Amino acid sequence: QVQLVESGGGLVQPGGSLNLSCAASGTIFSINAMGWFRQAPGKQRELVARIVSGGGRNYADSVKDRFTISRDNTKNTVYLQMNSLKPEDTAVYYCNAYIQVGRWTYSRDYWGQGTQVTVSS
């Protein structure tokens, strides 16, 4: 069983910063990619940022130069540093990881429970 546990959401004023973290635990053989998605009310879930095992990163255009994704492979943890937050960043943020649980199994997606980020004055 694999679990992704997120932390770090909350309420912040426009222009402020938050740091999200997500730790994967359980039976894990390898983690190929970790990332963050978000879903605002009435909108579809969208990719925010993703980092693969080799260190490559990609970001949504709307968060480039403001958000930074990083990963600690020793802790199976991914972080999202969010700076210069805007009201349009308000959403539930979900951690995602593409995990192989055994040497002879296929990788699949796992999701965290979500953490609310609200940007408002």
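My aim in this report is to walk through the structure given alongside it, one point at a time. Predicted model only: the values in this text are computed from it and were never measured.

## Description of the overall build of the protein
Here's step 1: What the protein contains, in helices and strands, is 0 helices and 11 strands.
Here's step 2: Computed over the C-alpha atoms, the radius of gyration of the protein is 14 Å, within 12% of the 14 Å expected from 2.2 N^0.38 for a compact globule of 121 residues.
Here's step 3: Residue burial in the protein is summarised as follows: out of 121 residues, 41% are buried.
Here's step 4: Within the protein, contacts between residues separated by at least 24 positions form 56% of all contacts whose residues are at least 6 apart in sequence.
Here's step 5: Roughly 6600 Å² of accessible area belongs to the protein as shown, and the carbon and sulfur atoms make up 47% of that amount.
Here's step 6: Where the 12 positive side-chain charges of the protein centre and where its 8 negative ones centre are 6 Å apart.

## What about the state of the cysteines?
Here's step 1: For the coordinates displayed, the defined rule picks out 1 disulfide.
Here's step 2: Sulfur-sulfur distance for the disulfide between Cys22 and Cys95 comes to 2.0 Å. Across the S-S bond linking Cys22 and Cys95, the dihedral sits near -80 degrees, which makes this disulfide left-handed. With Cys22 in strand E3 (residues 18-26) and Cys95 in strand E9 (residues 91-100), this residue pair connects regions lying 73 residues apart in the sequence. Like Cys95, Cys22 is buried.

The rules we used
- Residues numbered from 1 in each chain as written.
- Predicted model: local features only at pLDDT ≥ 70, side-chain atom pairs only at ≥ 80, totals over all residues.
- Heavy atoms only, no water.
- Helix = DSSP H or I, 4+ residues; strand = E, 2+ residues; numbered from the N terminus.
- Rg over C-alpha atoms; globule rule 2.2 N^0.38 Å.
- Buried < 20%, exposed > 50% of the residue type's maximum accessible area, 1.4 Å probe, protein only.
- Contact = heavy atoms within 4.5 Å.
- Areas by Shrake-Rupley, 256 points an atom, 1.4 Å probe, with all protein chains shown as cover.
- Lys, Arg positive; Asp, Glu negative; His and termini not counted.
- Charge placed at Lys NZ, Arg CZ, Asp CG, Glu CD.
- Disulfide = S-S within 2.5 Å.

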